[in-house]
Amino acid sequence: MSNRTKIQWCDSTVNPVMGCDGCPLYPSTTAEVAGRVSKRLKDELGLEAENARQLLKLGFADQPFSAVYQFRESIGASVSSALRIQGHDAPKAAEIITEEIASSLRCYAGLLHLRWGEQPSTPGKAVNSGYPLRFENVTEFPGRMADAAKWCDLTGQAREDSPWRDGLPRLIFVSDMGDALSAGVSFEFLKREIIDVVNSQKGKAHIWLWLTKRPRRMADFSDWLAEQGVEWPDNLVPMTSVLNQDMAVHVKHLKRIPAKVRGLSVEPLWESVELDLDGIDWVIVGGESGGHAKVFDLAWVRDLRDHCVAEGKAFFMKQLGANPWQDGERVVLKDPHGGDWGEWPEDLRVREFPALFGQAAGNGDAGPAAGEVVVISQAAESGDLPLFVELHKIVVRGFAAFLEAGEALAEIRRMELWKTANYKSWGAYCESLVGLSKQQVNRLICAAHVWRSIVDEVEPIGSGSHIVTPRSESQLRPLGGLKDPAQQRAAWVKAATAAGGQPTAKQVTNAVLEIVGLPPAAKKAAKPTCESLRLVIVKAIELARGHAAHDEIESRLREVLALTEEVPDLHLAKAG
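Going along each chain's sequence as written, the residues are numbered from 1 onward. Thresholds applied to this predicted model are a pLDDT of at least 70 for local features of residues and 80 or more for the giving and counting of side-chain atom pairs; totals over whole chains, interfaces and linings are not thresholded and use all residues. Working from all heavy atoms in the structure, the side-chain values ignore hydrogens and water.

**What to know about the environment of Pro520**
Only runs of H or I of at least four residues qualify as helices and only runs of E of at least two qualify as strands under DSSP, and these elements are numbered from the N terminus. On the secondary structure map, Pro520 appears in the loop between α18 (505-515) and α19 (530-544). Taking C-alpha positions, Pro520 is 9.2 Å from Gln507, a pair spaced 13 residues apart along the chain.

Here it is as structure tokens:
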């Protein structure tokens, strides 16, 4: 535990429990690691799986993962010696074994336990009194939470090294060195050491951020508390980790907890994820650190940031990690953790907290409503950044609103509700909407209809099985030319797959053309002159006169005229 920490989103840390019984960042059994090593030995050296397992027993045996990690080089050497006799590539085998064991440990808490806990590779080295022997040995430390509750209240104080927390109460991260929801920890201990302390007079001065990778057990604990007649404290924020789409599914368990504020730690983020933020108030995002850090695509971050803006959730960008990428190129940073936001793209320098954090935890003052976003700080060195962020929020909200507007317009048109407001026609009502033409309104209605017909059944794309949905009317407009929803879905998935994410309107158009068997849209040649384009359209209108469908044809041609007015440097005369 420490009353000061370098973690950007909190002031202090405390660990009533240390260690954990396994997660995606720390193997729960050596069998998991042995399986990955066996697969690589087979794939890269042609070693049969059973033979590989027998060889790995030479080093793995029944040792805990911490011991296997510390002896990884000697394990690689012993296995490679056996392989040398069989004629296999022994040096390569040793490299595979050592590398696979090393890359299996991605948890900084686990690494620190290897440094300060038991070290079989260094006999006689003392174990730090604040650590369990091994990370696998989940150990309770009674009294630590009570000691942390005595720390001074930071409400209203400035944090010179982290101004984004200025004015907040002390934010205390519970369980940064393990998982207190590990299977062997009793609910009685958690109530006594966490809930009772957070509810105490001293505990109410702080906000406690309790993070777990076991949200189901945390929700079960909250149910158990309710059975005991104990309410979940307002100043205790339940949080869970999300590394990939598989873990995102478990966020639903967090929502069972009757907390005032809930949060997600989307760190390290390993792939693009789609989150259901209903009932979630805070999203922290960060890339992976360390020598084996996975790729961290900044496009994934921007998708999450925009989603938070659209949903009115607080977004906190923690770090870019050791392996950030943007537009297919690696982003080179001086900070090995990617934590210096002076090196980041300006639009990612966002650190927000839920509104509840902006009021003192236990002084009874009326503060902003829970869930309302309070932007505590943006990058002070960029004077225009706060303005950009606020305007960007408006833009993202506009993208989300076009669907709602399209559906509302469809109902007004279907029920002819415009007549109740004394508009002479549907077109007159459309033109009253800040000058929108009837054609533009109809496009909004069509876009909303297409979105509803495809979004619930659209197929996942990419290696992460990520679902990409349309975000703008311009993306949906080409799909309106396909009447079959199955074809609309197929065209959208084709365009999104080609783009590797959100496609442009042109990519969607080309996907639609491919579906109907037509070649992609050709690149435009030289821009037409105003006079030549005007003459073609006016002549077409003249030729249409007297035709049975004259009104419809003229309406379509005038729509073309309206579109040409949007082309830069083209100012056409109105057709007669």
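**Quick notes on the pattern of salt bridges**
Each salt bridge in this description consists of a side-chain nitrogen of Lys or Arg and a carboxyl oxygen of Asp or Glu lying within 4 Å of one another. Within this structure, the stated rule accounts for 26 salt bridges. Note that Asp234 and Lys260 form a salt bridge whose closest N and O atoms lie 3.4 Å from each other. Here Asp234 is found in the loop between α9 (215-227) and β6 (236-241), whereas its partner Lys260 is found in the loop between α11 (251-254) and β7 (263-266), with 26 residues between them in sequence. Categorising residues by exposure relies on relative accessible area from a 1.4 Å probe, with only protein chains included: less than 20% of the type maximum marks a residue as buried, more than 50% marks it as exposed, and the intermediate range marks it as partly exposed. The class of Asp234 is partly exposed, set by a relative accessible area of 44%. One continuous salt-bridge network, built from bridges that share partners, spans Arg36, Arg40, Glu44, Lys92, Glu95, Glu99 and Glu100.

**Remarks on the confidence of the model for the protein**
For every residue, the predictor states its confidence as a pLDDT score lying anywhere from 0 to 100. In the predicted model, the protein carries a mean pLDDT of 79, and 76% of its residues have values of at least 70. Mean pLDDT per element in the protein: strand β14 (residues 373-378) is the minimum at 44, and helix α8 (residues 187-198) is the maximum at 97.

**Observations regarding the sheet that holds strand β12 (residues 329-330)**
If you trace the three strands from one edge of the open sheet to the other, you get β9-β11-β12, paired in mixed fashion. The sheet is open, and its two edges are formed by β9 (296-297) and β12, each paired on a single side. Here, a strand pair is defined by DSSP locating no fewer than two bridges between the strands. As defined by bridge partners, β9 adjoins strand β11 (residues 324-326) across two bridges and the pair is classed as parallel. The partner of Asp297 across the bridge, within β11, is Trp325.

**A short note on the environment of Asp223**
The residue Asp223 is located in helix α9 in this model. Overall, Asp223 belongs to the partly exposed group, its relative accessible area being 32%. A sequence separation of 34 residues divides Asp223 from Ile257, and the C-alpha atoms of the two residues are 7.8 Å apart.

**Observations concerning the packing of α8 against α9**
Where α8 contacts α9, the two axes come as close as 11 Å, and the packing angle between them is 80°. One element, α8, and the other, α9, form an angle in the roughly perpendicular class. Taking contact as the criterion, the partners of Phe187, Glu188, Leu190, Lys191 and Ile195 in α8 are, on α9, Arg217, Asp220, Phe221, Trp224 and Leu225. Residues are grouped as follows: Ala, Val, Leu, Ile, Met, Phe, Trp, Tyr, Cys and Pro are nonpolar; Asp, Glu, Lys and Arg are charged; every other residue, Gly included, is polar. Looking at the contact of α8 with α9 residue by residue, the class counts come to six nonpolar, no polar and four charged. A fitted line through C-alpha atoms serves as each axis, taken over the contacting stretch for helices, and the angle formed by two N-to-C directions is quoted from 0 to 180°. What sets the label is the angle itself: under 35 degrees gives roughly parallel, over 145 gives roughly antiparallel, 65 to 115 gives roughly perpendicular, and the rest give oblique. We call two residues in contact whenever any of their non-hydrogen atoms come within 4.5 Å of each other.

**Concerning α9**
An α-helical turn contains 3.6 residues, so any two residues separated by three or four positions project in the same direction. In this model, α9 (13 residues) spans 19 Å end to end at C-alpha, consistent with the 18 Å of a helix rising 1.5 Å per residue. Positioned one or two residues after α9, Gly229 has a phi angle of 80°, which is positive. The span expected for a helix works out to 1.5 Å for each residue beyond the first.

**Quick word on the nonpolar core**
Residues belong to one nonpolar core when they are buried, are Ala, Val, Leu, Ile, Met, Phe, Trp, Tyr or Cys, and are joined through side-chain atoms within 4.5 Å. In this structure, Trp210 and Phe357 are the most contacted members of the largest nonpolar core, which totals 78 residues. Tallying contributions element by element places α8 first for this core, with seven residues. Counting 34 residues, the second-largest nonpolar core is a separate cluster that includes Met18, Val33, Ala93 and Tyr131.

**Here we look at the pairing of strand β4 (residues 171-174)**
Burial along β4 is two-sided: Leu171 and Phe173 facing one way and Ile172 and Val174 facing the other are all buried. Pairing between strand β1 (residues 12-14) and β4: three bridges, direction parallel. Bridge pairing links Thr13 to Phe173 in β4. Sheet topology places β4 next to strand β5 (residues 207-212); four bridges connect them, and they run parallel. Directly across from Leu171, in β5, lies its bridge partner Ile207. Taken together, β4, α8 and β5 constitute a β-α-β crossover, and its handedness is right-handed. For a crossover, the right-handed case is the one in which the path from the first strand over the helix to the second runs clockwise, viewed with the strands pointing away from the viewer.

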